[in-house]
Amino acid sequence: MSTLMEIKSSVLRQVQVCPSFRRKTEPEPGSTSADPPEPATGAWKPGDGMEFFAHMRLILKKKEGRQGLPCPEVLLRSGSPAPAEPVDPNLGLRALTQEEVEMLYEEALYTVLHRAGTMGPAQVDDEEILLGYLQQVFGTSPEEHTEAIKRVKKAKAPTYTLKVSVMRAKNLLAKDPNGFSDPYCMLGILPASGTPREQSGQKEQRFSFRKGSKHSSLLPAKCIQVTEVKSSTLNPVWKEHFLFEIEDVNTDQLHLDIWDHDDDVSLAEACRKLNEVIGLKGMGRYFKQIVKSARTNGTAGPTEDHTDDFLGCLNIPVRDVPVAGADRWFKLEPRSSASRVQGDCHLVLKLITTQRDTVMSQRGRSGFLSYLLLLSRILQFEHQAEESNSSNWRGEFSGPGSTVLCLHGAQSNLSPLQLAVLHWQVSSRHHQTCTLDYGYLLGLLEDMQAHWEEAASLPQEQEESLADSFSAFSEYGLQLLRRLRDYFPATNSTAVYRLELLLKCLDKLQLFQPSFEICPFETELNMDIAAALKRGNREWYNRLLNTKSPREQSGPQRLPGLVELADIIYEDLQACYGIYASLFHGILKVDFFTLTFRQLERLLAEEAWVLTEELSPKMTLQVASGLFELYLTLADLQRFWSCIPGRDGRSLALAGIHTPFLPAVKIWLQVLRDQVKWRLQGAVDMDTLEPVDASSKHSSSAATASLCFSHIQELWVHLAWPDLTQAQGLGTQLSQDMCGAALFYTELLRKKVDIQPGAVGETVSEPLCVVLNNVELVRRASGQALRGLAWPEGVAGLPRPLLSCTQALEDDLRREAHTVTAHLTSKMVADIRKYVQHISLSPDSIQNDEAVAPLMKYLDEKLALLNASLVKENLGRVLEALWELLLQAILQALGGNGDVSADFYGRFHFTLEALVNFFHAEGQGLPLETLKDGSYKRLEEELRLHKCSTRECIEQFYLDKLKQKSLEQNRFGRLNVRCYYEAAEQRLAVEVLHAADLLPLDTNGLSDPFVIVELGPPHLFPLARSQRTQVKARTLHPVYDELFHFSVSAEACRRRGACVLFTVMDHDWLSTNDFAGEAALGLNGVCGISRPQVGGGMRAGQPITLHLRRPRAQVRSALRMLEGRSNKEAQEFVRKLKELEKCMEADP
């Protein structure tokens, strides 16, 4: 019993770890886990089927990668460097002549030798380092380098000019009663000769453009500039620009005052008027004289009451201006320690040069062109130093390189926009000769876009040059997009990222298009991109077609290549959707996937239509196999399109493509049927009928069979034939073939186990257990596969042909399992009978549990072996079979022992209860409904009857007749009667009315029926003799209308088993009467017995229709019990019944 208690934990656990039928990755027994080699394509020949199913697994493996829409994480499998992009040295800037190189070299040296301003922290201020760097860039010899420096040093120094932009001020002091001021700026250069020198001991005093200041220094009038007055504000915005010539960059300084305008002719107006009247070069006057002269000639009076209020000043040495210029806020300073000022002023300062004594300047070459040539030279030099990883170079210049470029750009007075344009032009051109990082180019475009929005515009010549660079780069980008799959493969994350940056660069180019007066693009760029992609798709397809399936070959030769081509196109479309589509649509608003799918699908469909038409008259097994595989990929393409959200509604070129493939599919399914049988035959031949491993209880052939069925079902789902009528025909044939294969496998197993030698004395056969598990596994696998063969959408539930086929196979395999189970348990019959006989022969002195113990021990041992060898379903079958064997053995033991003591039957009753508990195992074994059904009821009834007296057995006989129901109600006919009890006369009235549809028992097809009416049991009605109706000749529907009375007490009619028995007989004149049927009516329910008679009528109660029947086994069990008893009452009862049975021998 302890064994059955472990069923739930051990058996269920083993069942749960069994491999799933649907698991695609499970290898067949005996095969390695590595992918099987691709079999040679050709006609499938008889063999073991392994090559065929290896090819089928390859087909299904392709299907695994086509489930749903692709994910970028799955497609991006490589992070290796991107493929090299094409470069052409001719696409760069024009090569310079030797003279032009020498001129550019001189220009660079001149820039370094005459540098001015403060270097930034990342810049190099060492002249020797900068000159040495230029020597390396231009590749000059030391002698040539020395000679060039000498020549440049002899040249005249350039003229320096400070470019000042007064942008705005903030948080100024309020000088007017209204809480505001009317500020303006006065600024100029304090030359070295005008720098005030203070006496020692004097109070600190800053220079100021102050009217009447006693400490004012000399300042030429030409150095003074004034901004406009901004009325009533403390945060004025001027955005005015001024140029100041610098005499000495080391000593000159910029001085700026901010004043509040208060009188009609202020200092600012006076300065303007004076500069209008006296604008001669070299004229210098004291500031006080300027004011007096202006006021004398102006409109204001001589009074000094209306003067401007001082708001703050700035003193900035020219040598402190950064080389790259300054764009920042400066804090306003007081003119003396007693002054009170506040606020800041925003200035943009830049130190530029003019009148450069170089050959390029003398020949009219602009600073823009000089910078372009110098940048190109330095860029090439810097990029060559990063040759090992050149495609990822982001334009990181060295310190000397960036310093030289900064110096030249500042000295040439190039604006930030011009610098951005120059860097883009040079870098984009250089990229076409030596690949750069697209992130660097995108950054240049973004920088140029930011400055483009701030600046007014470019000169026409520079704008045309920029437009040419845009056109060249876009043409280069379109060239790359035509070879998209070569240069930016979807599986390479590095290449895909470069593609994203390239598309962003092209998108930036479109943003500049409206800004150009001369448009760089003849058409919209995204239209050019779409055209380039279409052209690239066609070129890629033609290259593949010429490689895989050249049109010069014959149809059968082209077919394998076209299958491969279709697979490549499917994978490419997956990449287009998962990788490329989002990039093109998100950046350029180009629907790359729809464009590509429509184009490639149309090209492939055209090729497939032509090829199928050519191959139709040449349909061989090899051709059918290739066409079948080709169709699967074409069908996948259509399903792929149907899964795309938001797709357009136009029909595909592949619509209806399944029609020419139907003959090939039918032939392939026939090949599949034969290959499955060969595969199963080979698997059974190699099977040793031993479990595959410790976690499985089936053998290798069952695993192979289940995988075969699973592959077939998956292949059917993959096929998904679109025509419903054709799909029904294909599915019906395939289901029939699968059923035949499953039965073929069980037949092979049965033959295999029949020739297996059994161990001596073995009662639980290990091979039989394995075979039983195999049958169960195949039953489940084939059933699941068959249910998966449902037709396409449109049919609810399983179609009728498939349902009937599935049910038939289920029944056949269950019968096979029961056959194997019977064969397995038959080896235990002798032992079970021996232990049951031991119980029956045990003396009464032995306790019941001791008598039953050997049987229970034997069962526990055998069930432990079965539990270890069988899966849960089969263990249940074996338990049910053993249970039936035990019940039959006990019934046989009871039948072989007569006139024994009551203890004998009590012991077997104890045995039966012990066995029920053992097999039920507290709910872990067989359910009680199963245990207490069938033979158990018969055995329990016999045990109960054996304990009853003779009269109780006779009563049980009649009770069984009352309980018996006709299984075929119309076979033996019907009898209508009326029965009631007349209490006044103390008698029972039984009225036989008529019968119908009786059996024809005579040769003329009729009968001569009469009815015998008797009461039973006899011991309850000892004085009531049987009565009979008249004989109705030659009829099957007799009408009697006869009334019979039986003088009996009502109390006797209420007793257990009391009934009226109607026996219909066929009267024969020359032989024994024939039995036609019988029916029993219980008396405890008739009118007058169960309830008082109403009205006192002679014929109370409704007619009752009784269905005639023949005695069944449950009635005869009590009879057999009485036959075994020797008392007179039992023997007399049995004798009368046997006389009646003689009349039943003619039972049809």
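Residues numbered from 1 in each chain as written. Predicted model: local features only at pLDDT ≥ 70, side-chain atom pairs only at ≥ 80, totals over all residues. Heavy atoms only, no water.

Put simply, the rule is: UniProt positions are given in the numbering used here, feature names are shortened, and annotations may be inferred rather than shown by experiment.
The name given to the protein in an unreviewed UniProt entry is BAI1-associated protein 3, and the organism recorded there is Octodon degus. Taken verbatim from the UniProt record of the protein, the Sequence similarities (unreviewed entry) comment is "Belongs to the unc-13 family."

**Some remarks on the overall build of the protein**
How we decide: Numbering of helices and strands runs from the N terminus; a helix is a DSSP stretch of H or I covering at least four residues, while a strand is a stretch of E covering at least two. Three exposure classes are used, based on accessible area relative to the maximum for each residue type with a 1.4 Å probe and protein chains only: buried under 20%, partly exposed in between, and exposed over 50%. The contact criterion used throughout is that any non-hydrogen atoms of two residues lie within 4.5 Å. Accessible areas in this description were obtained via Shrake-Rupley with a 1.4 Å probe; residue shielding takes into account the shown protein chains only.
Looking only at helices and strands, the protein has 36 helices and 18 strands in total. The buried share among the 1148 residues of the protein stands at 51%. In the protein, the proportion of contacts linking residues at least 24 apart, taken out of those at least 6 apart, comes to 79%. With an accessible surface of roughly 53500 Å², the protein has 50% of that area assigned to carbon and sulfur atoms.

**Things to note about helix 11 (residues 367–384)**
Short version of the rule: To estimate the expected span of a helix, subtract one from its residue number and multiply by 1.5 Å.
For helix 11, with 18 residues, the first-to-last C-alpha span of 26 Å sits near the 26 Å given by 1.5 Å per residue. When helix 11 is considered as a whole, its buried residues turn out to be F368, S370, Y371, L372, L373, L374, L375, S376, I378, L379, E382 and H383. Check the buried side of helix 11 and you find it contacts helix 5 (98–113), helix 6 (127–138), helix 10 (359–362), helix 12 (399–411), helix 13 (416–431) and helix 15 (460–482).

**Quick word on the nonpolar core**
Formally: We define a nonpolar core as any set of buried Ala, Val, Leu, Ile, Met, Phe, Trp, Tyr and Cys residues linked to one another through side-chain atoms lying within 4.5 Å.
Core analysis: the largest hydrophobic core is formed by 221 residues, its most contacted members being W424, M448, L481, F584, L672 and F919. Here the element with the most residues in this core is helix 19 (residues 555–588); it accounts for 17 residues. Not counting chain neighbours up to four residues away, the residues in contact with L481 comprise L499, L502, L503, L506, I529, L533 and F584. With 37 residues, the next largest nonpolar core counts F972, F1046, A1052 and L1081 among its residues.

**Regarding the pairing of strand 15 (residues 1039–1046)**
What counts here: Criterion used throughout: strands pair if DSSP finds at least two bridges between them.
Of the two faces of strand 15, only the one carrying Y1040, E1042, F1044 and F1046 is buried; V1039, D1041, L1043 and H1045 on the other face are not. Relative to strand 15, strand 12 (residues 987–996) runs antiparallel, the two being bridged by six bridges. Each bridged residue has a counterpart across the sheet, and for A989 the counterpart in strand 15 is H1045.

**Things to note about the sheet that holds strand 1 (residues 159–170)**
Keep this limit in mind: Axis angles are defined between N-to-C directions and span 0 to 180 degrees, where every axis is a line fitted to C-alpha atoms and, for a helix, only to the segment in contact.
A sheet is described by the order of its strands in space; here four strands give the open sequence 5-1-10-9, paired in antiparallel fashion. Since the sheet does not close on itself, it has two edges, and those belong to strand 5 (237–246) and strand 9 (326–331), each with one partner. Between one strand axis and the next, the sheet turns through 25° on average, direction left out of account.

**Here's the deal with helix 23 (residues 700–719)**
Over its 20 residues, helix 23 extends 28 Å from the first C-alpha to the last, a length consistent with the 28 Å expected when each residue adds 1.5 Å. The element helix 23 is largely enclosed, with a buried count of 18 among its 20 residues. Within two residues after helix 23, A720 carries a phi angle of roughly 45°, on the positive side.

**Regarding the packing of aromatic side chains**
Condition: Classification of ring pairs rests on two measures: the distance between centres of Phe, Tyr or Trp rings, Trp counted by its six-membered ring, which must be within 6.5 Å, and the angle between planes, read as stacked under 30 degrees, edge-to-face over 60 and tilted in between.
Within this structure, the stated rule accounts for 27 aromatic pairs. Between F597 and F640 the ring centres are 6.4 Å apart and the planes differ by 70°, which places this aromatic pair in the edge-to-face class. Here F597 is found in helix 20 (residues 592–615), whereas its partner F640 is found in helix 21 (residues 621–642), with 43 residues between them in sequence. Considered together, F597 and F640 belong to a single accessibility category, that of buried residues.

**Focus on the sheet that holds strand 14 (residues 1027–1028)**
The pairing of strands in a sheet comes from backbone hydrogen bonds and takes either a parallel or an antiparallel form. Within the open sheet, the four strands sit side by side as 14-13-16-17. Their pairing is antiparallel. On the outer flanks of this sheet lie strand 14 and strand 17 (1074–1082), each paired with one strand and no other. Relative to strand 16 (residues 1059–1066), strand 13 (residues 1009–1016) is paired through eight bridges, and the arrangement is antiparallel. By the bridge assignment for strand 16, V1013 is matched with F1062. The strands that helix 33 (residues 950–963) touches are strand 13, strand 16 and strand 17; relative to strand 17, the one it contacts most, it runs at about 95°.

**A few points about the confidence of the model for the protein**
Spelled out, the test is: Per-residue confidence from the predictor is reported as pLDDT, which spans 0 to 100.
When pLDDT is averaged along the protein, the result is 81, and 81% of the positions lie at 70 or above. Under a pLDDT of 50 for its full length, residues 194–205 has, in the predicted model, 12 contacts with residues more than four places off or in other chains. Confidence drops under pLDDT 50 across residues 1144–1148; counting only partners more than four residues distant or on other chains, this segment forms nine contacts.

**Comments concerning the pattern of salt bridges**
The condition is simple: Any carboxyl oxygen of Asp or Glu within 4 Å of a side-chain nitrogen of Lys or Arg constitutes a salt bridge here.
Counted under the stated rule, the structure contains 34 salt bridges. As a salt-bridge pair, D437 and R394 come within 3.1 Å of each other at their nearest N and O atoms. Placement of the pair is D437 in the loop between helix 13 and helix 14 (438–454) and R394 in the loop between helix 11 and helix 12, with a sequence separation of 43 residues. Here E810 ties to R779 by a salt bridge, and the two come within 2.6 Å at their closest N and O atoms. Of the two residues, E810 is situated in helix 26 (residues 800–826) and R779 in helix 25 (residues 766–787); the sequence distance between them amounts to 31 residues. Across the pair, R779 and E810 agree in class, each one buried. Members of the salt-bridge network, linked through shared partners, are E776, R779, E810, R814 and R877.

**Section: unusual backbone geometry**
The step from G1016 to P1017 runs through a cis peptide bond, and the omega angle for that step is 0°. As for its placement among the helices and strands, P1017 is situated in the loop between strand 13 and strand 14. The backbone of N413 sits at a positive phi, close to 55°, despite the residue not being glycine. Counting through the fold element by element, N413 comes out in the loop between helix 12 and helix 13.

**Notes on the packing of helix 5 against helix 11**
Helix-helix packing is described using two parameters, namely the angle between the two axes and the distance between the axes. Operational definition: Between 65 and 115 degrees an angle is taken as roughly perpendicular, under 35 as roughly parallel, over 145 as roughly antiparallel, and anywhere else as oblique. All residues other than Ala, Val, Leu, Ile, Met, Phe, Trp, Tyr, Cys, Pro, Asp, Glu, Lys and Arg, Gly among them, are scored as polar; the first ten of these are nonpolar and the last four charged.
Where helix 5 meets helix 11, the closest approach of the two axes is 10 Å, and the angle between their N-to-C directions is 95°. As far as their axial angle goes, helix 11 and helix 5 are roughly perpendicular. Between helix 5 and helix 11, the residues in contact are V101, L104, E107 and A108 and S370, L373, L374 and R377, respectively. Partitioning the contact of helix 5 with helix 11 into residue classes produces five nonpolar, one polar and two charged.

**Notes on the environment of S391**
Assignment of secondary structure puts S391 in the loop between helix 11 and helix 12. Given the relative accessible area of 28%, S391 is considered partly exposed. With 46 residues separating them along the chain, S391 and D437 place their C-alpha atoms 5.6 Å apart. The contact partners of S391, leaving out residues within four places of it in the chain, are T435, L436, D437 and R498.

**Brief notes about the packing of helix 21 against helix 22 (residues 662–686)**
Packing of helix 21 against helix 22 leaves a shortest axis separation of 8 Å and a crossing angle of 110°. Taken together, helix 21 and helix 22 sit at an angle that is classed as roughly perpendicular. Of the residues in helix 22, those touching helix 21 at L621, A624, S625, L627 and F628 are A664, V665, I667, W668 and V671. Split into classes, the residues belonging to the contact of helix 21 with helix 22 amount to nine nonpolar, one polar and no charged.

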